[in-house]
Amino acid sequence: MKRRARARPRAWLEVSVHTSVEASEAAGAALLELAKGFAEEHTQGGVRLVAHVPDGSVARCCAEAVRQRLHGLRRFGLDPGPAEVEVRRVQVRSWASAYRRHFRPFRVGRFLIRPPWSRRRARPGETVLVMNPGMAFGTGLHESTRLCLRALPEVVRRGARVADVGTGSGILAVAAAKLGARVVAVDCDRLACSVAQANVRANQVGGRVRVFAGDLLQPVRGRVDVVVMNITAEVLVRAAPQVRKRLRPGGAWVASGMVDGTVDAVLRAAQKLGLVAERVLADGEWRAVVFRLPAEGRGAAAARAG
Ligand SMILES: C[S@@+](CC[C@H](N)C(=O)[O-])C[C@H]1O[C@@H](n2cnc3c(N)ncnc32)[C@H](O)[C@@H]1O
């Protein structure tokens, strides 16, 4: 059943670290374990690093770990300066405007990804994705998203039916639509769904993408040619039987969101269902696997036997 996606307010934490110039690199590394990026400001006699993360107990514990790491630098002969870590809840609006300063156009394969406020032009043959991720995951900056953007042009044919499960900002749904596909985009987070819908509209692919709130492939009806899913290994394993059920013979599953040590569990779950690993893509410690459901015939029989 289709559910109306509705935005709901969400609390964010601003983690602000005040430290010395000499300790700023170590402090930045600690912050990157908590957030996808941070802003840096020079202060009198030091540096302030500011990151924004969704509020939650994990985020608060990580912020405390950053504080301890800073104080621990003394043992290595580094003066952390004031070594102050402040954590405060912020309004969504202030986070969004902080975010604007850091999102610049960039390229992944044949895609140029740019925020709506940038006027950067595409080179010949490039496809533009206008992305305003707002509060949802998916600027395209993360390795796991980039791996999917590299894989999609290889598996999506014009007119194909694609399911983007865990759509976040909708970036992969928009990319698939621009490759000529009809897309069903799903996210369990209604806020992400409304962000995805806004991005679908901004890219003028509303006629080809429908966004649903729901769990995994539950809102997808009928068979699809491609499933793209960038979540986590645990969720990929849980989703594998649903993917198998919804894929047309010959169809592809682009599974991303795994790090090196977690790929095997997904490979085992998929192979048990007759999905064949066709290609493994890597970016740093991140991995994506392109699985294929063999077309009916010899390949399918072999997959069933093996
Ligand atoms: C890592 S983000 C990926 C966003 C985007 N597709 C990308 O590649 O950048 C994962 C998304 O999956 C969603 N998600 C997590 N578990 C889910 C589930 N069981 N069903 C649907 N969506 C899920 C999250 O809300 C989040 O938006």
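A short tour of the structure in this document, coming up. (Residues numbered from 1 in each chain as written. Predicted model: local features only at pLDDT ≥ 70, side-chain atom pairs only at ≥ 80, totals over all residues. Heavy atoms only, no water.)

## Details of the site of the ligand
In the vicinity of the ligand lie 17 residues, with Thr145, Gly166, Asp187, Asp215 and Asn230 positioned nearest. Between an oxygen atom of the ligand and a side-chain N or O atom of Thr145, the distance comes to 2.6 Å. In the model, a nitrogen atom of the ligand is placed 3.4 Å from a nitrogen or oxygen of the Arg238 side chain. Tallied by class, residues from the shell around the ligand come to 6 nonpolar, 7 polar and 4 charged. (Near = heavy atom within 4 Å. Polar contact = N/O pair within 3.5 Å; in protein donor to acceptor, adjacent residues only side chain to side chain. Nonpolar A, V, L, I, M, F, W, Y, C, P; charged D, E, K, R; others polar.)

## Here's the deal with the side chain of Thr127
Locating Thr127 in the fold gives a position in strand 7 (residues 127-130). With a relative accessible area of 10%, Thr127 lands in the buried category. Those residues in contact with Thr127, other than ones at most four positions away along the chain, are Arg110, Phe111, Leu112 and Lys178. (Helix = DSSP H or I, 4+ residues; strand = E, 2+ residues; numbered from the N terminus. Buried < 20%, exposed > 50% of the residue type's maximum accessible area, 1.4 Å probe, protein only. Contact = heavy atoms within 4.5 Å.)

## As for helix 4 (residues 143-155)
Helical geometry: 3.6 residues make up each α-helical turn, so side chains three or four residues apart lie on a common side. For helix 4, with 13 residues, the first-to-last C-alpha span of 19 Å sits near the 18 Å given by 1.5 Å per residue. Every buried residue belonging to helix 4 is among Ser144, Thr145, Leu147, Cys148, Leu149, Ala151, Leu152 and Val155, and all of these are buried. (Expected span 1.5 Å × (residues − 1).)

## Overview of the sheet that holds strand 7
The 3 strands are arranged 5-6-7 in an open sheet whose pairing can be described as mixed. The strands lining the two open edges of the sheet, one partner per strand, are strand 5 (106-108) and strand 7. Across the sheet, the mean angle from the axis of one strand to that of its neighbour is 30°, orientation sign disregarded. For strand 5 and strand 6 (residues 111-114), the ladder comprises 3 bridges, and the chain directions are antiparallel. By the bridge assignment, Val108 is partnered in strand 6 with Phe111. Strands in contact with helix 4 are strand 5, strand 6 and strand 7; relative to strand 5, the strand with the most contacts, it is inclined by about 55°. Sheet strands in contact with helix 5 (residues 171-178) are strand 6 and strand 7, and its direction is about 150° off that of strand 7. (Pairing = 2+ DSSP bridges. Axes fitted to C-alpha atoms, helices over the stretch in contact; angles between N-to-C directions.)

## Quick look at the packing of helix 4 against helix 5
For any two helices packed against each other, the geometry is given by the interaxial angle and the distance between the axes. Where helix 4 meets helix 5, the axes come as close as 10 Å, and the angle between the chain directions of the two elements is 15°. Relative to helix 5, helix 4 is oriented roughly parallel. Crossing handedness for the pair helix 4 and helix 5: right-handed. Residues Thr145, Cys148, Leu149 and Leu152 of helix 4 form the contact with helix 5, whose own contacting residues are Ile171, Leu172, Ala175 and Ala176. Residue composition of the contact of helix 4 with helix 5, by class: 7 nonpolar, 1 polar and no charged. (Parallel < 35°, antiparallel > 145°, perpendicular 65-115°, else oblique. Left-handed = near helix turned anticlockwise from the far one by under 90°.)

## Description of the sheet that holds strand 10 (residues 209-213)
Reading across from one edge, 10-9-8-11-12-14-13 is the order of the 7 strands in this open sheet, with mixed pairing throughout. Pairing within the sheet leaves two strands with one partner each, and these edge strands are strand 10 and strand 13 (276-283). Taken pair by pair, the neighbouring strands of this sheet meet at an average axis angle of 15°, ignoring direction. As paired elements, strand 8 (residues 161-165) and strand 11 (residues 224-230) share 4 bridges and run parallel to each other. Its bridge partner being in strand 11, Val165 is matched across the sheet by Met229. On the sheet, helix 5 packs against strand 8, strand 9 (182-187), strand 10 and strand 11 and is oriented at approximately 175° with respect to strand 9. Packing of helix 7 (residues 233-246) onto the sheet brings it into contact with strand 11 and strand 12 (247-259), and relative to strand 12 it is tilted by some 175°.

## Examining the packing of aromatic side chains
Per the stated rule, a full pass over the model turns up 1 aromatic pair. Over the ring of Phe111 we find Arg110; its NZ or CZ atom is 6.0 Å from the centre of that ring. (Phe/Tyr/Trp six-rings, centres within 6.5 Å; stacked < 30°, edge-to-face > 60°. Lys NZ or Arg CZ within 6 Å of the ring centre and 35° of its normal.)

## Section: helix 7
The terminal C-alpha atoms of helix 7 lie 19 Å apart, and with 14 residues this matches the ideal 20 Å at 1.5 Å per residue to within 8%. Residues of helix 7 that are buried include every one of Ala233, Val235, Leu236, Ala239, Ala240, Val243 and Arg246, and no others. If you follow the buried residues of helix 7, they end up packed against strand 11, strand 12 and helix 8 (263-272).

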